[in-house]
Amino acid sequence: MAFSTRPLFNHTLSSPPLHQPKKQKPVIPLFSNSHSTPPPLRSSPCFRAKFGTFTNPSSKLGFSVKVGSQNGYSSGDEAQSLIPEATPQEDYSWVSVIIPFVFPALGGLLFGYDIGATSGATISLTSAELSGTTWFNLTAVQLGLVVSGSLYGALFGSLLVYPIADFLGRRRELITAAALYLLGGLITGCAPGLGVLLVGRLLYGIGIGMAMHGAPLYIAETCPSQIRGTLVSLKELFIVLGILLGYLIGSFQIDAIGGWRYMYGISAPIALLMGIGMWILPPSPRWLLLRAAQGKGSVKEYKEKAVLALSKLRGRPPGDKVSEKQIEETLVTLKSAYADQESEGSLMDIFQGPSLKAFIIAGGLVLFQQITGQPSVLYYAGPILQSAGFSAAADATKVSVIIGLFKFVMTGIAVLKVDDLGRRPLLIVGVSGLALSLFLLSAYYKFLGGFPLVAVASLLLYVGCYQISFGPISWLMVSEIFPLQTRGKGISLAVLTNFGSNALVTFAFSPLKEALGADNLFLLFGAIALISLLFVVLIVPETKGLSLEEIESKILK
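Residues numbered from 1 in each chain as written. Predicted model: local features only at pLDDT ≥ 70, side-chain atom pairs only at ≥ 80, totals over all residues. Heavy atoms only, no water.

Here Tyr247 lies in helix H6 (residues 228–253). What makes Tyr247 buried here is its relative accessible area of 17%. (Helix = DSSP H or I, 4+ residues; strand = E, 2+ residues; numbered from the N terminus. Buried < 20%, exposed > 50% of the residue type's maximum accessible area, 1.4 Å probe, protein only.)

Here it is as structure tokens:
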């Protein structure tokens, strides 16, 4: 799969339109490429672009891009309203894309690592022979607190970041998350007792909440629109890679005395690397321009910082003329778009107008991501594989590695195809597969118990479909769907919804399993999956190829 080499952002209008319809924001073109000449575009926010094949002459790789005719956005037809026109392609180089991606994505890897490492750490911690402590005999409640301590911390972190996200900015939020990861990992790994261990788990969890908020924001705001889906989905691949890494470390350390300390402590050097990387990276130019438009300081000062940030992201000389011109034109349009609004807005702005529409889309996706039963299905992975006679199922850590590898492969497929096929097709196909697999699992426990391969196939179908749909696409949509003014608050609320629904499913699983049985529980999850499929078909729009500003002007209006 070949990509063109193009700069991060593309500007398509040389100046803002002189006249705008009332109550309609202009399209905010974010950063231009003065080395290429875009075709003339109409000043209408919903223009049509027709142009053929072109090659970037300055590209060392010499890739070319074909951009076909695009239909204008139509609000009259239901199907067309969900799939607006594509934006002109942007030039970029992979060097300028990879570095701003990798360090924020480490925040996702550390989240996944905690999930994988905890599965082995709990076995080591509660073993009289392997714990290396005198307090290994934990009660069910105490063990539950160890396992879910990071989840409680993530919930608290999501609440904490809601009112301060725009003040902190994406970069400082990720630096703070890295510091919490580092502190939490060290405290947990060196804990002399249960109380200190729980404090470390809580701090680590707060880091998760902040990282899962700041990472998709930073990545989405500093990457080209045509590969935004690939990169934000690649962050999900980093989460799966973290889970797999946690499983592998657990399998190596499971027989060591005090192995749980190593399992948790290995996160510390990764967190340190993340913090150093984010310290080196510049702030998001979009966030700097937003602060300027909100009147949060000297416009001149913020503009100069944005120019330097863009120059650094593009590998250009500091304060180069190209970046300066792009920032100036973008700032004019941004200030025009928000001239009639409060400088920063209230905490309740997320529940009004376009922001409410965005939250319904993003919040709905992360809610269905959890309540379609992923934790419950994976809970049955061991027994299902054992029933089919897989010898690896006798060892929980080996089973975990097998599932982790499969999740990694399927997420990789989604990463490669999301900017080619689009968000909606992957969601529709994936969620349909989820529903089918859940009904098959219900049938297995009801009357197909003599056909264990049906259960194995259903399990793999569920994991695979989840990893090409809800797994990566939900977080991608969360990162790109909110308007710039409420993006920080919106994403923090979506993260809170995700972790809150995760906690709800975790707590409700045991009572539901006891009350309904496995067959009816999977039947319930299958029905919820059908509802989620209806939600995707009717509500979720296609955002492939659109800039963040075009998503705001074309989809949320």
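Under the 1.5 Å per step criterion, the end-to-end length of helix H4 (residues 165–189) is only 30 Å for 25 residues, more than 12% shorter than the ideal 36 Å. Along H4, the helix axis deviates most sharply at Arg171, where the bend reaches about 75 degrees. (Expected span 1.5 Å × (residues − 1). Bend = angle between axes of the 7 residues up to and from the residue.)

Using the criterion set out here, one finds eight aromatic pairs in the structure. A centroid spacing of 6.0 Å and a plane angle of 85 degrees characterise the contact between Phe351 and Phe359, whose relative ring orientation is edge-to-face. For Phe351, a relative accessible area of 37% gives the class partly exposed. Looking at Phe359, the relative accessible area reads 18%, which means it is buried. Its guanidinium or amino end placed over the ring of Trp279, Arg171 lies 5.8 Å from that ring's centre, counting from NZ or CZ. The aromatic ring of Phe167 is capped on one face by Arg172, whose charged end is 5.6 Å from the ring centroid. (Phe/Tyr/Trp six-rings, centres within 6.5 Å; stacked < 30°, edge-to-face > 60°. Lys NZ or Arg CZ within 6 Å of the ring centre and 35° of its normal.)

What follows is about a nonpolar patch on the surface. A cluster of nonpolar side chains, namely Met348, Phe351, Leu356, Ile360, Leu534, Val537, Leu538 and Ile539, defines an oily patch on the protein surface of about 670 Å² accessible area. Elements supplying a minimum of two residues to the nonpolar patch: helix H12 (353–371) and helix H19 (487–539). Per-element tally for the nonpolar patch: the top contributor is H19, with four residues. Along the chain, Ile539 turns up in helix H19. Under the relative-accessibility criterion, Ile539 is labelled partly exposed at 36%. (Patch = residues over 30% accessible without salt bridge, like charges linked within 9 Å, V, L, I, M, F, W, Y side chains within 5 Å. Areas by Shrake-Rupley, 256 points an atom, 1.4 Å probe, with all protein chains shown as cover. Salt bridge = Lys/Arg side-chain N within 4 Å of Asp/Glu carboxyl O.)

Across the protein chain, pLDDT averages 78, with 76% of residues at or above 70. Confidence over residues 1–81 falls short of pLDDT 50; this stretch has 172 contacts with residues more than four positions distant or in other chains. Confidence over residues 83–87 falls short of pLDDT 50; this stretch has 24 contacts with residues more than four positions distant or in other chains. (pLDDT = per-residue confidence, 0-100. Contact = heavy atoms within 4.5 Å.)

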